[in-house]
Amino acid sequence: MSVARQHSDEARLRFYARIADCNIKIVADASDVKEEVLRFVSVFSPVESSNSRLETDCTIYIKRYKASSGSWTMPYGASGFEVESGHCYSDGNMCLLKFGDSTVFVERPDAKIVTVIYFPGKDLIAELPFLIRYAIQLALHRRGRFHLHSAAVVNPDDGRGALLIGDSGAGKSTLTVQLARAGWNFLSDDVVVLSTSATGVQTFWCRRFFSLTEKTIQACDVNCDVNSVAQPLGMLASPQLPKRMFMPEDVFGHPPLASCLPNKLFFVSLSHQAGSVVRSLTAGEALLMLIKRCAWATYEVPDVARAFIHTLESLVNQCRCYELSSGYDVLENPDTAVRLIGGSETENANRANV
Amino acid sequence: MSKENKTENQPRENIVASEFTNGEGTLVDLNTKRYIQLNETALLIWRCLEGRQTRDEIINQLCARYDVTPEHAGQSVDKAIASFKENGLVS
């Protein structure tokens, strides 16, 4: 993901975020949030030189609530579900998210405009990251790009990617760091974007920083200066956040890769045992596990949900799929992670399932 | 073939079928957020229902693809359709 700042003045901020080969124009029309908007998007993407000739795939308008503009009401007959810090409503075409008094909405499955109406108030700075994050997700969904809560690493031997899928605290970052220490390339330690191309389902990075617990930093012997990224992360950094963030290039000497073509999927969890265990999964098992982890794959409007599920289907069809229970041996030696993700352990798991 | 046969057991809207390289598949019901796994035969029967084929046409498809008798194929079709109905996947 990259950002090209196109134009800025007192009244309006306009810039492009390039995510998963998709140019998203972001327009903020009020001065009270434009710096926060730029800072929030920028922590997910390096700022590039200005380029006004970019073709826009989707536009996100960020507007201050005005009584004269009327209020957005729930679509009649809409079904709703909880999202992080908010609620989503959909009537089959329109998608509307509420965060406090602020709103994100998109009108059709093929819409090229996502609108954020923010309500100025004491909760705005806390709500703004959610508003922008979900607006970007809805925009990407409508361009056939779908987020997955997964780390992504690339085997230097064959150049193919492995996705490490799991909830927060499942060990994705630990495995990613250990593989990076062993010379593997990486895209992200936490979230990627999937997009179908002629060669298969490509995985794209979409977050600049890594996030590790203090325990993992010490166990993996990561030498990072957290203060160097505290300022750029700005409002994301929080005393309540139990993890520390750093730029991977500061630690591993090179930035993340922009994309990869994965051929392995691992559903990772912590076993709290001495040794790690790898088990082979069928494609059907893997797809259902993916769908469980991707609420939007069934809760988006039907046309978008169908595209999301078919992207996940293509992903499991191009990959070998495994369940990995990470033991303490992953922390002890980076070579263990290489053996688990890179080859010999997964080959054994395949043979055991023949 | 009667008109009734062409219109019964039609897949409901917003059921997404996926197919894997091993021939198996899944159905995800976007209405209820439920899903079921299908073996190769059940997936073929589902695809035939999507193509608005009748029971007899589906039996012919199964007999052409697998070394089974029409009676055996008919039992498989009835069992699969009963399961689809039980899960609210067909009308």
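What counts and what doesn't
- Residues numbered from 1 in each chain as written.
- Chains lettered and ligands numbered in written order.
- Predicted model: local features only at pLDDT ≥ 70, side-chain atom pairs only at ≥ 80, totals over all residues.
- Heavy atoms only, no water.
- Contact = heavy atoms within 4.5 Å.
- Buried area = accessible area lost by both parts, 1.4 Å probe.
- Salt bridge = Lys/Arg side-chain N within 4 Å of Asp/Glu carboxyl O.
- Polar contact = N/O pair within 3.5 Å; in protein donor to acceptor, adjacent residues only side chain to side chain.
- Helix = DSSP H or I, 4+ residues; strand = E, 2+ residues; numbered from the N terminus.
- Nonpolar A, V, L, I, M, F, W, Y, C, P; charged D, E, K, R; others polar.
- Axes fitted to C-alpha atoms, helices over the stretch in contact; angles between N-to-C directions.
- Parallel < 35°, antiparallel > 145°, perpendicular 65-115°, else oblique.
- Buried < 20%, exposed > 50% of the residue type's maximum accessible area, 1.4 Å probe, protein only.
- Domains from an automatic or database assignment.
- Pairing = 2+ DSSP bridges.

Caption draft 1: View of the interface of chain A and chain B. Counting residues at the interface gives 18 residues for chain A, matched by 13 residues for chain B. Taking both partners together, chain A and chain B bury about 1400 Å²; carbon and sulfur atoms supply 67% of that area. Summed over the three residues of chain A that lose the most area to chain B, namely Leu288, Thr298 and Asn317 of chain A, the buried surface amounts to 32% of that side. Linking chain A to chain B there are zero salt bridges. At the boundary of chain A and chain B, one finds five residue pairs in polar contact (both at pLDDT 80 or more). The set of elements that each furnish at least two residues to the side of chain A that touches chain B consists of helix H7 (283-293), helix H8 (296-299) and helix H9 (302-318) of chain A. Tallying contributions element by element places H9 of chain A first for the side of chain A that touches chain B, with eight residues. Residue composition of the side of chain A that touches chain B, by class: 10 nonpolar, four polar and four charged.

Caption draft 2: Looking closely at the packing of helix H3 (residues 172-181) of chain A against helix H11 (residues 334-342) of chain A. Residues and elements named next belong to chain A. Put simply, H3 and H11 touch, their axes get as near as 8 Å, and they point 105° apart. In this view, H3 runs roughly perpendicular relative to H11, as classed from their interaxial angle. Along the contact surface, H3 presents Leu175, Gln178, Leu179 and Arg181, while H11 presents Pro334, Ala337, Val338 and Ile341. Class assignment of the residues belonging to the contact of H3 with H11 gives a composition of six nonpolar, one polar and one charged.

Caption draft 3: Highlighting the pattern of salt bridges. Residues and elements named next belong to chain A. Under the definition given, this model contains 13 salt bridges over all chains. The partner of Arg133 in a salt bridge is Glu84, with the nearest N and O atoms 2.9 Å apart. One end of the pair, Arg133, is in helix H2 (residues 124-141); the other, Glu84, is in the loop between strand S6 (79-83) and strand S7 (86-90), and 49 residues separate them in sequence. Arg133 gets classed as partly exposed once you look at its relative accessible area, which sits at 29%. With a shortest N-O distance of 3.0 Å, Arg108 and Asp110 are connected by a salt bridge. The exposure class of Arg108 is partly exposed, given its relative accessible area of 44%. Residues joined in a network through salt bridges with shared partners are Lys172, Asp189, Asp190 and Arg207.

Caption draft 4: Main features of the domain arrangement of chain A. Residue and element names in this part refer to chain A. Taken domain by domain, chain A comprises domain 1 (7-143) and domain 2 (147-353). Residue-level contacts link 28 residues of domain 1 with 21 residues of domain 2. Between domain 1 and domain 2, the buried area comes to about 2100 Å², and carbon and sulfur atoms account for 73% of it. Taken together, domain 1 and domain 2 are joined by one salt bridge. On inspection of domain 1 and its partner domain 2, the count reaches three residue pairs in polar contact (both at pLDDT 80 or more). Contributing elements (two or more residues each) for the side of domain 1 that touches domain 2: helix H1 (34-42), S6, S7, strand S8 (95-99) and H2. When residues in the side of domain 1 that touches domain 2 are grouped by element, the largest group, six residues, is from H2.

Caption draft 5: Expanded view of the environment of Lys112 of chain A. Here Lys112 of chain A shows up in the loop between strand S9 (102-106) and strand S10 (113-118). Along the chain, Lys112 of chain A and Cys58 of chain A lie 54 residues apart, while their C-alpha atoms are 4.6 Å from each other.

Caption draft 6: Region of the structure containing the sheet that holds strand S13 (residues 161-165) of chain A. Residue and element names in this part refer to chain A. Taken together, the six strands give an open sheet; going across it, the order is S14-S12-S13-S20-S22-S21, and neighbouring strands pair in mixed fashion. With partners counted over all chains shown, the strands left at the sheet margins are strand S14 (185-188) and strand S21 (277-281), one partner each. On average, each strand axis in the sheet is inclined to that of its neighbour by 25°, with strand direction left out of account. Strand direction decides the pairing type here: S13 and strand S20 (residues 262-270), joined by five bridges, are parallel. The residue of S20 that forms the bridge with Gly161 is Pro262. Along the sheet face, H7 touches S13, S20, S21 and strand S22 (320-326) and points at about 65° away from the line of S20. Relative to S20, H9 is tilted by about 100°, and along the sheet it contacts S13, S20 and S22.

Caption draft 7: Local environment of the side chain of Thr311 of chain A. Residue and element names in this part refer to chain A. Note that Thr311 resides in helix H9. Given a relative accessible area of 4%, Thr311 falls into the buried group. Look past the residues within four positions of Thr311 in its chain and what remains in contact with it is Phe146, Leu194, Thr196 and Val201.

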